[in-house]
Amino acid sequence: MPSNNRIQMEAAARAQQWEAATDWLNSLAMFEMLPALEKLGAVTRGKLVEQALKILSGRGWNGSAQRIRWANEVVAAKALPTFTPADLPGDQVQDARRYLAALPLSGTAVSAEVKAAVLAAVHTGKIQGVTGQLTSAANNGHFNDGQHTIVLSAGMFHTLAALSRSNTLVLMSMMRYNEGPHGKVGEDGVAVCSAMDITVYSGLSINLINGGNVENTVAGVCKVIDNLPPGLFALGLTRPSPYPKGPPMPDKDIFLPMNPGAGWPMYKVGFPLGNPTPQFVNLKAAEAVNAALGRNPRAKMNRMFQDGPDHLHLEVISASSA
């Protein structure tokens, strides 16, 4: 049951009584502060923490200010921060670890080790493209495009770490505010990114401009499937077109058929059982993708559909460490 201090803090924060809310927040033990901050939601939490840091620093209570800043980072990033206040007791760090471990398995939690692996891949060139977004998401818990705040889903961190573990991953785009899974906007105005557009993987260009480069594209898509972590995914498959965002070229389709009059087909994988790609136009592509799915049965496909001609769209519905 919430303590009286927590109840008073939540009421004061929602009433925007920042000084009272700060004092009540500062009085909470770490094991109660974390779920209390989470319950406030991103917008109210952000305003409270901003005011609390000013109020506590103005009093000269820098240790208290840094403790609240640290707790806010745990809640926002769903991971232990890259910084730890010098005077933060070890039992409070353990409280944070227990808080993160108790988060739903669908996966809002991501460990510092996974974040470090993604950052290392960026620094060594194993992940290329949108590196500024990734660095900000890993270090700060979010990316700001100048107007909006976008966070990266935990499943994306796990997937990026897995894909870059042994192969180079080149991304065309990732975080895009209010553009479907690239930046789905929540009630608090913060968007969550759970999709990436891959142009090259393991040296294989995924690109069907003018219907060429078929062998590399099929091999690149299969290589991505091979290296996905356990989870549930959706694939926006590469389709032939004379130029990016251009019209379809149905006579050169490789994966799903692209009929301009019928729209883009959505296909749920796994039906009929044992043959997840019956609609593929190119039989060799169907065989190759089926084989990749068979090699990595822990990576499940929710659906496949036609997407752009110059990338593979990968949506991470849920994922965990491999």
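Summarised in this report is the structure supplied together with it. (Residues numbered from 1 in each chain as written. Predicted model: local features only at pLDDT ≥ 70, side-chain atom pairs only at ≥ 80, totals over all residues. Heavy atoms only, no water.)

Taken together, the buried positions of helix α1 (residues 4-14) are occupied by Arg6, Met9, Glu10, Ala12 and Ala13. End-on, the buried residues of α1 take up no more than an arc of 165°, which puts them together on one face. As for α1, its buried residues are in contact with α2 (18-27), α3 (30-40) and α4 (42-58). One or two steps after α1, the chain reaches Gln16, where phi turns positive at roughly 60°. (Buried < 20%, exposed > 50% of the residue type's maximum accessible area, 1.4 Å probe, protein only. Helix = DSSP H or I, 4+ residues; strand = E, 2+ residues; numbered from the N terminus. Arc of directions from axis to C-beta. Contact = heavy atoms within 4.5 Å.)

The topology assignment puts Asn296 in the loop between α11 (283-295) and β11 (299-306). Classification of Asn296 as buried rests on a relative accessible area of 9%. Here Asn296 is in contact with Ile225, Asp226, Asn227 and Leu228, once residues within four sequence places are set aside.

Let's shift gears to the environment of Tyr177. You can see Tyr177 is positioned in the loop between β4 (169-173) and β5 (184-185). Sequence spacing of Tyr177 and Arg98 is 79 residues, and the spatial spacing of their C-alpha atoms is 32 Å. Setting aside its immediate chain neighbours within four residues, Tyr177 contacts Asp145, His148, Thr149, Ile150, Gly183, Val185, Gly189 and Ala191. Polar contacts involving the side chain of Tyr177 include one to the main-chain carbonyl oxygen of Gly189, which spans 2.8 Å. (Polar contact = N/O pair within 3.5 Å; in protein donor to acceptor, adjacent residues only side chain to side chain.)

Below, the discussion takes up unusual backbone geometry. In this structure, Asn213 takes a positive phi of about 65° despite not being glycine. Considering the arrangement of structural elements, one finds Asn213 in the loop between β8 (204-205) and α10 (214-226). Judged by relative accessible area, which is 29%, Asn213 ranks as partly exposed. One non-glycine residue with positive phi stands out, namely Lys245, at about 60°. Of note, Lys245 is situated in the loop between β9 (231-237) and β10 (266-267).

Bridge count between strand β2 (residues 143-144) and strand β3 (residues 149-152): two bridges; the pairing is antiparallel. When the sheet's bridge partners are listed, Phe143 is paired in β3 with Ile150. The antiparallel pairing of β2 with β3 creates a hairpin that spans four residues between the two strands, and Gly146 there sits at a positive phi of about 105°. Of the pairings in the sheet, the one linking β3 to strand β6 (residues 191-193) comprises three bridges and is parallel in character. Bridge pairing in β6 links Ile150 to Ala191. (Pairing = 2+ DSSP bridges.)

Look at α11: 18 Å from first C-alpha to last across 13 residues, which is about the 18 Å you get at 1.5 Å a residue. For α11, the full list of buried residues reads Ala285, Ala286, Val289, Ala292 and Leu293. In a view along the axis of α11, the buried residues occupy a sector of 130°, so they form one face of it. Seen from the buried face of α11, the exposed residues on the opposite side, beyond 90 degrees, are Leu283, Lys284, Glu287, Gly294 and Arg295. Of the surrounding elements, those touching the buried residues of α11 are α10 and β11. Two to three positions downstream of the cap, the backbone nitrogen of Lys284 sits 2.9 Å from a side-chain oxygen, assigning the N-cap of α11 to Asn282. (Expected span 1.5 Å × (residues − 1).)

Our focus in this paragraph is the environment of Ser241. Mapped onto the elements of the fold, Ser241 is located in the loop between β9 and β10. Considering only alpha carbons, one finds Ser241 and Asn210, 31 residues apart in sequence, at a separation of 5.3 Å. Excluding its chain neighbours within four sequence positions, the residues that come into contact with Ser241 are Leu208, Ile209, Asn210, Gly246, Pro247, Met249 and Pro309. In this structure the side chain of Ser241 is engaged in a polar contact, spanning 3.1 Å, whose partner is the backbone oxygen of Tyr243. A distance of 3.3 Å separates the side chain of Ser241 from the backbone oxygen of Gly246, its partner in a polar contact.

Spatial relationships are all this shows, so hold off on functional conclusions.
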